[in-house]
Structure formats: C-alpha cells, structure tokens
Amino acid sequence: MSAHTRVGDVLADARAEGRAALVAYLPVGFPTVDDSVAACRALVEGGADIVEVGVPYSDPLMDGPVIQHAVEAALERGARPRDAFLAVRAVADAGAVPLVMTYWNLVDRYGVERFAADLADAGGAGLITPDLIPDEADEWFAAADKHDLDKVFLVAPSSTDERLVSTVRACRGFVYAASTMGVTGTRGTVGNAAEALVARTKAVTDLPVCVGLGVSNRAQAAEVAAFADGVIVGSAFVKVLADAPDRESGLDALRALAADLAAGVREGRTA
Amino acid sequence: MSAPTDLPVQALTAHRGPYFGRFGGRFVPEALVAALDELDREFTAAMADPAFTAELDHLHRTYSGRPSILTEAKRFAAHAGGARVLLKREDLNHTGSHKINNVLGQALLTKRMGKKRVIAETGAGQHGVATATAAALLDLDCVIYMGEEDTRRQSLNVARMKLLGAEVIPVTAGSRTLKDAINEAMRDWVTNVADTHYLLGTVAGPHPFPTMVRDFHRIIGVEARQQVLDLVGRLPDVVVACVGGGSNAIGIFHAFLDDAGVALLGLEAGGDGVDTGRHASSITGGLPGVLHGNRTFVLQDEDGQTVESHSISAGLDYPGVGPEHSWLHEIGRATYEPVTDAEAMEAFRLLCRTEGIIPAIESAHALAGALRAGQRLGPDGIVLVNLSGRGDKDVDTAARWFGLVPDAEQTPAVTAEGTEAGDR
C-alpha cells in the first residue's frame, strides 16, 4: 500500500538484509552551518542510512535540553531555515537519504509550497513534522504530492487506535513512533512502551515503522532493531558534537558513534 | 432603549473552535492529542452537568467574591472627554484579578478527570498564584513554570506560590520569560499527561483551551452587561480591555459580540512604541503564524522565529494572542490598538489619583484605551472598562517608574531591565 519512495526503498533494503536502518538526526547550524553540513556527511560516512536535518526553531517544545541548547546556539549564530537545504544536498551527495525535521511555523512562514519545492530541488526526500498532525496538514499534503515528497507523522503511546489508523494513512515513507511519552533526549532504558506501540502501529499499516526518543548506544539500538524497521538517534549525536573540543575530533566522534549504532542495528535481529 | 435579549441563531457567540475563521486549531505533538480530546469531552460534559456548574457557581459566590461590582469612575471620566466610565472590578476578586475564574473552572475539571496534579506557566506570577490557590483549595499537586528572569523580577509572587504549597521551577531555556515557561510546561505535560492537567492561563494554546478558558471568563461580560443595563438603562457604546493572550478581554467582550451597536476595543501592549520593534502588540505588529499550538497573530521574524516581546506589564508581555481575537480583528468585529508603556503608566497614575484605585499595569493599558474612547465619544458616551487586576503586585515597578523610591533606579532602568530580560 505504500508508494515507491527513496525512504521506503532504503528501509526495504535494510529489511531484506535482515537489519534495521539507522536514522540519524542533527540540527543544521550547530555549531556553525558549515560544521553542521560536514557533520551530516560524517553521519553518512559512519553508516547512517537516513539523515534527518533539523531546522533550528526558537520554541522547540518537543525537544529536551541537549537539542534545545544546540538550536539556541545555532540561532544565535544566525542559522536560517534555508541552510537546511545545504545539509540536505550534502547528505544526498554522500549517498544517504535526507529528510528535514521541522516545527511547522518555519515552513508556514517560508511558504509551504515554496519550502517543498526547494526541499525537492536540494534532493530532500520529505519532511518529519513533530508539531503538525494530519488534521492540520492539508496544505502540506498538496505540496508533498506535487513534489513527490514523503510525509512522516508521529504516533505516540497515547495515540488511540482510531488516530493510529488516521495518522498512518496520512504518512508516506515511514511512521515515526515516539517510543516514550516525553521530549527528545537520551534515556537509560528505552522501555517496553516502544515495542507495544510498534506492534499496534504495524497492526494497522504495511509502512515501515521507525522508533525515536531515547536511543543513545549500540545495545539500545540493537534492542530497538529487534522490533522496528529503523532506529532514530538524535540527542546522542548532538551531545557528541557539543562535547567535542574541536571540529575534527567532533567529526571523528560522530563517525565512530554512527558506526557503533550501525553495528547495533545489525545485531538486533539475531540477538 | 432596551437591549435585545434574544441572540440571533447565527451568533458570533456561537463559535466554539477548534477554528475561529482561519485561526486556532491544534498544532501539537501527537502525544497530546488524546489528552486534548479527553479535555474537550470532559469540559463539554461538565458544562452541561448542573452539579458541576453549581459547584463552580458556589465557589464564585463564596470564595472568589462574584459577582464583581461595577464602579462608575466619575473623576477619572473628567479626563475621558466627559463620557461615563464604568469599571468592571475584576481586581476585587480573590487573588487580585480575573485569573481566578478560569483557574477554579479548570481545577474542578482536573478533579472531575481524576487527575491529581496541575502544572501552569506564569509570567508576572498572577496566573501562577491563582493556580496555586485553587490547587491548595482542591488538594491538587501544583508545579508552576516561570522564566528565571521573571522569578527574579517577581520574587514576591514566587514566595506567594510557595506559601500556597506550589513548587516553582525557574525556566532557564530561551529568553527565560513567559513563552519559555509555556514551552517547558508543554514538555512536562507531554511527559506526564496521564496524571497531569496543564492549567493554561489564557485563551491561547491548542483547542479546546481558547474556547474553554473563554467560557470560564464569559461570566465577566455576562455580569457587566446586565450591570450596565441596570445602572444606565442601555448598553455601553464601547467595551474596553487590555490584550496580552487576551483572556480578560474575551471574557468581557463575549457577551457583547452580537450587540452590533457596542464597539469592542482591545489594547495591546505597545512597549516603547510599535515602530521601535520593542512591544508586545501581536495583532498590530505581528503576522499570522503558529505558536504554542494554535494559528494566530505572532510576533515573528522573516524566518518564522518568535520575536521577543517587550512591555512594562509582565502580564501582557507575550508574543502571541488568542486565536479568537485574531478572528475578531480579521472580521472587523473588534478593534485592537497599541498603548505604550508611558501612556499606560499615565493612566495608571490618573486612576490612583482620581479614584483611589491602584490598577494592575495590565489594566492600565485598558484605562488608557478608555481615555481615548471617551474622547472620541464625548459626553454622551458610555465606556465599559474591564479593570482586570489590582496593582499591589506592581507597586515596585510603579514606584521606580515614577521615581518614588529613594536611591531606586529611575525609569530608564526599568526599561533597561526589560531589555535585559527580553533580548536573546
């Protein structure tokens, strides 16, 4: 039932290889636009299959402290929404599939149709919209259809069965399962809410389901890979970048973490 | 002379969200949708339940002091073109402002939903104090999020909330003011939504908050409309209120929405002047966008990043506005104008000196609007003003503004403090 999409293909290929995909997030503009573009490339070199390029927003109410601080710093240094397209292009050129993750007002102000056109021009595959639910997304549906872009909406443990059905129906590419109730950030345990949510979601769709919120290390990646089509990691990468003493060691550390997590998503199915 | 008592079926008052024209809606994480649906259901059921409305009415009469009285401000009116100026005295409510109306309603609803914990945002501290008050009365755990900068500026209100048993969490993210406190409260809510109600303090946020908070404040206008009729035998020419998020304004406007002969005037915080960029006039100086879960007028830059607001009044210092106001502006039913800090403080001083009433600085913006409206109307005019809060909390700010405190920083220092709080 899912349309043929680049994101869908990557996830299908991973499934055929008996593994989950690694989906990595970084915000553009942190610590600088140039560095963040290099960082997105490093994620791909380390083994990320899909890269979510975050767009810094002044009021990131779904994000925990690590990402909040990074996007604040990015904004202070003048990061703009259009900078995301530079990172998108870099990810595409490096051979992975780029998505953009953004709060809705930035797209609203940019112009939904124009944002979609520029995203497609840059080689982007679609959008993840943490504060846009399908109920409010008519304009985005039209633009996404016109430019052949994926529409990734979130489902949560609190989603009712009816909303799971209506949300997955609106998705294209994959379904983003927000594994725990809460904001972004690394957690000691991923918890069994994720597995239950994935099972409920898979009961109502053939689309791939990727799990985000909380994964930070290889063991957790393997744990999630056992039941999800993709493992989404964000704050852990941002933290590596924030803690790095200089650009080169930051990029090295990103590659190393991506490689470690890429190994994790390959261990899950046999664990 | 007598006002219509039957409202037309196609009434403006019948609008209930999620949308007010193109404004409103729900721009929220999916994780919150189930809780918003539950809230919508429970609120609708509660308002149709005589036991619930009777309990709320009982608290209004025996706890917060409703109905609030109407005071004719004759000496003040001499400065308002000779028009009659009638003050709706929400400042006399328990906790000192209209905020208690909404807080009691939502706190009762929290009990009804079986939740044991409320969280709230606060800027100046008035909504936080009101929420802590209701939580104490109804035995609810209470956490208040307040920008770190605001906890410093409003340390007495922090103490009040703590005395009432609330935990106050200073928010260090972003600009450390009200909008960041809302972000942090939303983060708490999405994490703890199973046992927690977010007791939002204004007519903004995702549906059903704009409708629900309005309905809990509707009583202001319902009472005032009848009080004006009883006193002067006709409806007022204009109803005047200050607008930050806009809860007191919608509360007094709503009962008049279908009275076509009654003008509605909302006064936004003009700060140093809208043309300076240092203001909180979302409708006058903002653009439609999405903030805190609804589509409305937002102070934002060309990229859609929220721009920090500025006002001497912490309660109006918010870069958005309730979606129903955006709609009333768009259809031309209400008019919104800015009032600068200086104009507001002049009206503040005038009410103190002429009527012996120290208003909240928020409400002083409405008083400045009343002076304007009265001068436009002349001696035959009748101006109804929502005096939404009392000024006890603002004595320190006012004393500095007017240079009444020995060795205190003078006016520019107050403004400078606002700058420090506001700039990123």
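Since the structure is predicted, the reported quantities are computational estimates derived from the model, not experimental observations.

Q: For this particular structure, what's the right way to read the pairing of strand β7 (residues 175-178) of chain A?
A: Side-chain direction in a regular strand flips from residue to residue, so the side chains alternate between the two faces of the sheet. Residues and elements named next belong to chain A. Alternating residues of β7 divide into Val175 and Ala177 and Tyr176 and Ala178, and every residue in both groups is buried. Here strand β6 (residues 154-155) pairs with β7 via two bridges, running parallel. Within the sheet, the bridge partner assigned to Leu154 lies in β7 and is Tyr176. With respect to chirality, the unit in which β6 leads through helix α8 (residues 161-170) into the neighbouring parallel β7 is right-handed. In terms of strand pairing, β7 meets strand β8 (residues 209-212) through four bridges, oriented parallel. Directly across from Ala177, in β8, lies its bridge partner Val211.

Q: How should the domain arrangement of chain B be read in this particular structure?
A: Residue and element names in this part refer to chain B. Segmenting chain B into domains produces domain 1 (12-39 + 98-213) and domain 2 (70-96 + 217-422). Summarising the inter-unit geometry, the C-alpha centres of domain 1 and domain 2 are found 22 Å apart. Facing the 40 residues of domain 1 at the interface are 43 residues of domain 2. Only β2 (23-24), α4 (99-112), α5 (126-138), α6 (148-153), α8 (178-192) and α9 (209-217) provide two or more residues apiece to the side of domain 1 that touches domain 2. Tallied by class, the residues present in the side of domain 1 that touches domain 2 amount to 16 nonpolar, 17 polar and seven charged.

Q: How should I be thinking about the environment of Thr180(A) in this particular structure?
A: Summarising the element assignment, Thr180(A) is placed in the loop between β7 and α9 (193-202). For Thr180(A) and Val53(A), which are 127 residues apart along the polypeptide, the C-alpha to C-alpha distance reads 22 Å.

Q: I'm lost on the environment of Val103(B) in this one. Help?
A: Residue and element names in this part refer to chain B. Here Val103 shows up in helix α4. Taking the C-alpha atoms as reference points, Val103 and Thr131, separated by 28 residues in sequence, lie 5.8 Å from one another. Ignoring sequence-local partners within four residues, the contact set of Val103 consists of Ala130, Thr131, Ala134 and Leu199.

Q: Where do I start with α4(B) in this structure?
A: The α-helix advances 3.6 residues per turn, and as a result positions three or four apart in sequence lie on the same side. Residue and element names in this part refer to chain B. For α4, spanning 14 residues, the distance from its first C-alpha to its last is 20 Å, which sits close to the expected 20 Å at 1.5 Å a residue. With 12 of 14 residues buried, α4 lies mostly within the body of the structure. Among the residues of α4, Lys99, Ile100, Asn101, Asn102, Val103, Leu104, Gly105, Gln106, Ala107, Leu108, Leu109 and Thr110 are the ones counted as buried.

Q: Please clarify how the nonpolar core should be interpreted in this entry.
A: The nonpolar side chains of soluble globular proteins are, as a tendency, buried together. Leu43(A), Val231(A), Phe237(A), Val240(B) and Val383(B) are the most contacted members of the largest nonpolar core, which totals 237 residues. Examining the composition of this core, we find that nine residues originate from one element, helix α15 (residues 361-377) of chain B, more than from any other. The residue makeup of this core includes at least three contributed by each of domain 1 (12-39 + 98-213) and domain 2 (70-96 + 217-422) of chain B. Once residues lying within four places of it in the same chain are set aside, the contact partners of Val240(B) are Leu265(B), Leu267(B), Ala366(B), Gly369(B), Ala370(B), Ala373(B), Val383(B), Leu384(B) and Val385(B).

Q: Teacher, can you tell me more about the confidence of the model for chain B here?
A: Across chain B, the average pLDDT comes to 93, with 93% of residues at 70 or higher. Interface confidence in the predicted complex, given as ipTM, is 0.95; pTM for the same model is 0.94.

Q: Would you mind going over the interface of chain A and chain B with me for this structure?
A: Between chain A and chain B, the residue contacts involve 36 residues of the former and 28 residues of the latter. Counting residues per element, the ones that place at least two in the side of chain A that touches chain B are α3 (65-76), α5 (104-110), β6 and α8 of chain A. A per-element tally of the side of chain A that touches chain B places α5(A) first, with six residues. Of the residues that constitute the side of chain A that touches chain B, the class distribution is 18 nonpolar, eight polar and 10 charged.

Q: Looking at this model, I keep getting lost on the sheet that holds β8(A). Mind explaining?
A: The pairing of strands in a sheet comes from backbone hydrogen bonds and takes either a parallel or an antiparallel form. All names here are of chain A. The sheet built from nine strands is open, its strands ordered β5-β4-β3-β2-β1-β9-β8-β7-β6 with parallel pairing. Looking at strand neighbours, the two that pair on one side only are β5 (150-152) and β6, the edges of this open sheet. Looking at chain direction, strand β1 (residues 21-27) and strand β9 (residues 230-233) are connected through four bridges and run parallel. Within β9, the position partnered with Leu22 by the bridge is Val231. In the packing of helix α12 (residues 247-267) onto the sheet, the strands contacted are β1 and β9, and the crossing angle to β1 comes to about 150°.

Parameters and conventions
- Residues numbered from 1 in each chain as written.
- Chains lettered and ligands numbered in written order.
- Predicted model: local features only at pLDDT ≥ 70, side-chain atom pairs only at ≥ 80, totals over all residues.
- Buried ≥ 20, exposed ≤ 12 C-beta atoms within 10 Å, placed from the backbone.
- Helix = DSSP H or I, 4+ residues; strand = E, 2+ residues; numbered from the N terminus.
- Pairing = 2+ DSSP bridges.
- Right-handed = clockwise from strand over helix to strand, strands pointing away.
- Domains from an automatic or database assignment.
- Contact = placed C-beta atoms within 7 Å.
- Nonpolar A, V, L, I, M, F, W, Y, C, P; charged D, E, K, R; others polar.
- Expected span 1.5 Å × (residues − 1).
- Core = buried A, V, L, I, M, F, W, Y, C linked by C-beta atoms within 7 Å.
- pLDDT = per-residue confidence, 0-100.
- Axes fitted to C-alpha atoms, helices over the stretch in contact; angles between N-to-C directions.

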